[in-house]
Amino acid sequence: MSKLLEDQLALVTGASRGIGAATAEALAAEGAHVILVARTAAGLEEVEDRIHQVGGSATIAPLDLTEGESIARLAAAIAERWNKLDILVLNAATLGTLTPVSAIDGKEFNKVLTLNLVAQQALIAAFDPLLRKSGDARLLAITSSVARQPRAYWGAYGASKAALEGLVLSYAEEVRSFGVKAAIVDPGATATIMRARAFPGEDQATLKSPSVVGQAIAEALSSDFDTGHRLVVR
């Protein structure tokens, strides 16, 4: 039987662990060739091995998304080898320190915004030409409930995710007539390392696993979702 994403090329950022790794594995299980992007080569190799062990296909691309021209170089390499991109999942993010807005450290806030917002815009800009060549491209960006429901001490992270939503939904309107769809995914409470940092006393056994979110994302990308949609994973 043919798979839903057979012969499609997907790129997932933050793919070395957690939701990013689970999403990459779910997309590969549906037949996509997945480009795995994260800073940690060892983590990417583990994900790649798991994909290959079950008959999937993947390529690792270790890089720091906040570093100079790394995104442009990656886009150029993909364009040379494949000439299009069907799926882009913007998952990479950093939490920063949970602290009152009045106490946010400027340097750390800049790091949060650089990865969670500026690098995401750079990814969209670099891969927009390849997405348009797909004919049926889909972009999903991972957000958080604090983007729309502000929470005390989450100001820096929440602001970065609120801005990301605005950026991605604006892009969705800009490419609506070019065969590119863009949407937002709120994964909800999930057992990840970032969640453990934010809620150190929480029993992660009570939370859904990243694989649940990864499967929900794969199902959304395999279906005909409306551009501008906001998927909340329960």
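These figures come from a predicted structure and were not determined experimentally.

**With respect to the pattern of salt bridges**
Phase 1: Evaluated as defined, the whole model comprises nine salt bridges.
Phase 2: Arg 148 is the partner of Glu 165 in a salt bridge, and the nearest nitrogen-oxygen pair spans 2.8 Å. Note that Glu 165 is positioned in helix H5 (residues 155-174) and Arg 148 in the loop between strand S5 (137-142) and H5, a separation of 17 residues in sequence.
Phase 3: Judged by its relative accessible area of 4%, Glu 165 falls in the buried class.

**Section: the packing of helix H1 (residues 18-29) against helix H7 (residues 210-221)**
Phase 1: Orientation of H1 relative to H7, taken along the N-to-C sense of each, is 50°, at an axis distance of 7 Å. In terms of axis orientation, H1 runs oblique to H7. Between H1 and H7 the crossing geometry is right-handed. Residue-level inspection shows Gly 18, Ile 19, Ala 22, Thr 23, Ala 26 and Leu 27 of H1 in contact with H7, the latter providing Pro 210, Ser 211, Val 213, Gly 214, Gln 215, Ile 217, Ala 218 and Leu 221.
Phase 2: Residues of the contact of H1 with H7, tallied by class, amount to nine nonpolar, five polar and no charged.

**Regarding the sheet that holds strand S1 (residues 9-13)**
Phase 1: Ordered by their spatial adjacency, seven strands build an open sheet running S3-S2-S1-S4-S5-S6-S7, and the pairing between neighbours is parallel. Each edge of the sheet is formed by a strand with only one pairing partner; in this case those strands are strand S3 (57-62) and strand S7 (230-232). Neighbouring strand axes in the sheet, compared pairwise and without regard to direction, differ in orientation by 20° on average.
Phase 2: The strands touched by helix H2 (residues 41-53) within the sheet are strand S2 (33-38) and S3, with S3 carrying the most contacts at an inclination of about 175°.
Phase 3: Contacting S1, S2 and S3, helix H3 (residues 70-81) crosses the sheet at an angle of about 165° to S1.

Rules of the game
Residues numbered from 1 in each chain as written. Predicted model: local features only at pLDDT ≥ 70, side-chain atom pairs only at ≥ 80, totals over all residues. Heavy atoms only, no water. Salt bridge = Lys/Arg side-chain N within 4 Å of Asp/Glu carboxyl O. Helix = DSSP H or I, 4+ residues; strand = E, 2+ residues; numbered from the N terminus. Buried < 20%, exposed > 50% of the residue type's maximum accessible area, 1.4 Å probe, protein only. Axes fitted to C-alpha atoms, helices over the stretch in contact; angles between N-to-C directions. Parallel < 35°, antiparallel > 145°, perpendicular 65-115°, else oblique. Left-handed = near helix turned anticlockwise from the far one by under 90°. Contact = heavy atoms within 4.5 Å. Nonpolar A, V, L, I, M, F, W, Y, C, P; charged D, E, K, R; others polar. Pairing = 2+ DSSP bridges.

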